[in-house]
Amino acid sequence: MTEARIKECLQAIQQAESQGVLTAGAVQNLGRWLTEPQYAAYQSDICDVVEQSDFATLDGLFWEVIAFGTGGRRGPMADFGSATINPRTIAESAHGLVTYLKRSGEEKSSSAVVACDTRNNSVEFAQLTASVLAANGLKVYFYEKPRSTPQLSFSVRHLNCDVGVMISASHNPPADNGFKAYWNTGGQVLPPHDKGIVDCVYDAGEIPRVDFETAKQEGKIVVLGPELDDAYHQAVLAMSLSDQRELNAIYTPLHGVGETACYDVLQKAGFDGIQIVESQRSQDGNFPNVDKHMPNPERFEVFQQAIELANKSQAGLILASDPDADRLGVCVRGADGEFVHLTGNQIGSLILDYILRKRKAAGTLSDDHFVVETMVTTPLVAALSRAAGVRIVDDLLVGFKYIGEAMDKYGPDKFVFGAEESLGFLAGQYARDKDAGIASLYLCEAAAELHRDGKTLLDRLDEMYTQFGYYLEGQKSQVCTGSSGKAQIDALMQAFRVAPPLELGGCVMAQVRDYGDHELRSLPGNDRVCEIAAPRGNLLFFESTPDNSNVRVAVRPSGTEPKIKFYMFVSSRVGEQDLNQVKAETQKMYQAVQDDLMQWVNARLAAMESTSQA
């Protein structure tokens, strides 16, 4: 690369910014990558794209520096680019993590553990991470074969490591990957550590590396064997609450690592009647036999092959884990023979109900025990907890790392269960991240006990609704990609704050809980009522005046994906009313709320588009 060529490219970039085809963030990051020596290996390729005047591609590659969100760094893979997952940004992430660890004063064992899931390039990225950590003086424990995120969390604690890294993009499409950073608790990195790591990432210059194979031979990188698999499995199996094992069910890992977590645990537990979906069993980062190659168990479409197998075998329950096996999706056969896709809120409520009933009968619960959920998780979890006489912690921001933090804050020996609406669940002290392994064990035990009594999980849900009220929740998202998408998300959040919707589904909104500005405001005037003491985060709640149909809506930007999320909550008392009638009326209300909300959002987006074109 000649200085003259770089200078010409920088001039072209400046001109592109003046013409409005490159954002300021992309210009700044391109400037760094074209002028700083640590990026020398990429500069010729970047110039090739500049000289082709492909500024749309460049903007997508460089519009931001990927930050640590609720799930670490996650995004599309590319050969280079500050806004993508690539060898440089993976190495920066590893270097930033170990640099911050050494500055933090919390380095104790000088060790780390690294794992990855089945995604494309995951093994290569994991080896690169291990090489960087080892070059910085850490002893690295390494999983050569893909393993689950909860096993990584368990391993950090089991091996007494200072940090851990999981290479995964969870349920994202095949083009994505990510870097999840874990602290010595086994939980994902929390503030202020996350910002400190990002600062170290941004300051990274030349990054030291050792040769991976040489480091293995020298003992700087230690390959983990099957004994760690067994230790994790035994930690989960030790949580068993029942010896009922008669269950006809189906399980699919969706081409991820779930067989090593969920299926192996269930087999060791003695659930011989559970079949695995062979067409989705192979570990494959392209997710070839999953609808639209989108392995998200929140999507009913991913269950279609499992349903075909279930219909052949007359199974009444289907389980599906996402690629890194930290989340569990469920379908249950209804009375009409069709499968019902459960929400994360319903699954969490069923698991908690099972745990509370079994532990209360065993006399292992006290008023010191506690259950944890995030603020966007169903209020039914709180209702179940209070009825059982245990404490509920339900004022947490979105992200399972906050549940892990609460476990240590309030005492892990008294922790009963943690749940978040996006299919994340945990019980026990062995990990600090959500685990489809323990969720599958408890759900299968609950289903087996109900089957013994001639009931299904759906029957138990209806019994809970009759006792506690009918809770209906759901979620919609507005995807906004790239630098312009971030601006749209920011503008939408501002619109919600300044002039929120005053009525949704015919229900008047009475107040706003703003966890960004830390205040409660009354509507319609949007007037400040008082300060709220809950954690600070970019999250808004709009709430109706409580009546027979209580309505709440939460709004927040995703911490891991380019979207803004809307959570809707509608609940109704049942009492002496017919449950099916209450369900129908509540579902009608929910649909009206959703329709009005999205109409409001689309009107704001249209106004933004009109303004940008003017």
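Bear in mind that the values here come from a model prediction, so they are computed numbers and not experimental data. The numbers attached to residues start from 1 for each chain and follow its sequence in the written order. For this predicted model, a pLDDT threshold of at least 70 governs which residues receive local features, and a threshold of 80 or more governs which side-chain atom pairs are given and counted, while totals over whole chains, interfaces and linings are taken from all residues. By convention in this description, side-chain values take in all heavy atoms of the structure and omit both hydrogens and water.

The next thing to look at is helix α16 (residues 436-452). When the terminal C-alpha atoms of α16 are compared, their 24 Å separation across 17 residues agrees well with the 24 Å that a helix rising 1.5 Å per residue should span. Summarising burial for α16: 15 of the 17 residues are buried, a large majority. Capping the start of α16 is the job of one residue whose side-chain oxygen sits 2.7 Å from the backbone nitrogen of Gly-437: Asp-435. By the criteria applied, helices consist of DSSP H or I runs no shorter than four residues and strands consist of E runs no shorter than two, each listed in order from the N terminus. Within two residues after α16, Gly-454 carries a phi angle of roughly 75°, on the positive side. A helix is expected to span 1.5 Å multiplied by its residue count minus one. Exposed residues in this analysis have more than 50% of their type's maximum accessible area, buried residues have under 20%, and partly exposed residues fall in between, with area computed by a 1.4 Å probe over protein chains only. As used in this structure description, the phrase polar contact means that two N or O atoms lie within 3.5 Å; if the pair is within protein, one of them must be able to donate a hydrogen and the other to accept it, and residues adjacent in sequence are counted only when both atoms belong to side chains.

Let us now look at the packing of helix α13 (residues 344-362) against helix α14 (residues 379-387). Two measures define how a pair of helices packs: the angle their axes make with one another and the distance between the axes. Axis lines are fitted through C-alpha atoms, for helices just across the contact stretch, and the angle between N-to-C directions can take any value from 0 to 180 degrees. Closest axis-to-axis distance for the α13/α14 pair is 10 Å, and the angle between their directions is 5°. Comparing the axis directions of α13 and α14 gives the class roughly parallel. Between α13 and α14, the contacting residues are Ser-349, Leu-352, Asp-353, Leu-356 and Lys-360 on the first element and Leu-380, Val-381, Leu-384, Ser-385 and Ala-387 on the second. Grouping the amino acids of the contact of α13 with α14 by side-chain chemistry returns six nonpolar, two polar and two charged. Convention used here: angles under 35 degrees read as roughly parallel, angles over 145 as roughly antiparallel, angles from 65 to 115 as roughly perpendicular, and any remaining angle as oblique. The criterion used for residue contact is that any of the two residues' heavy atoms lie within 4.5 Å. In this classification, Asp, Glu, Lys and Arg are treated as charged, Ala, Val, Leu, Ile, Met, Phe, Trp, Tyr, Cys and Pro as nonpolar, and every other residue, Gly included, as polar.

Take the pattern of salt bridges next. Salt bridge, as used here: a side-chain nitrogen of Lys or Arg that lies within 4 Å of a carboxyl oxygen of Asp or Glu. For the structure shown, the criterion picks out 38 salt bridges. A salt bridge links Lys-216 to Glu-144, with the shortest nitrogen-to-oxygen separation between them at 3.0 Å. Note that Lys-216 is positioned in helix α9 (residues 212-217) and Glu-144 in the loop between β3 (139-142) and α7 (149-158), a separation of 72 residues in sequence. Note on Lys-216: relative accessible area 23%, which makes it partly exposed. Here Glu-463 makes a salt bridge to Arg-460, at a shortest N to O gap of 2.8 Å. Of the two residues, Glu-463 and Arg-460 both sit in helix α17 (residues 457-468), three residues apart, roughly one turn of that helix.

Take Gln-127: it is sitting in helix α6 (residues 122-135). In the structure, Gln-127 is positioned 85 residues away from Phe-212 in sequence and 6.7 Å away in space, judged by C-alpha atoms. Excluding residues that lie within four positions of it along the chain, Gln-127 makes contacts with Phe-142 and Phe-212.

Paired strands, as defined in this entry, are two strands with at least two bridges between them according to DSSP. Across four bridges, the pairing between strand β2 (residues 111-116) and β3 is parallel. Counted as the bridge partner of Val-114 is Phe-142 from β3. If the strands point away from the viewer and the path from the first strand over the helix to the second runs clockwise, then the crossover is right-handed. With respect to chirality, the unit in which β2 leads through α6 into the neighbouring parallel β3 is right-handed. In the sheet, β3 pairs with strand β6 (residues 221-223) via three bridges, with the strands oriented parallel.

In short, shape yes, function no, at least from these values alone.
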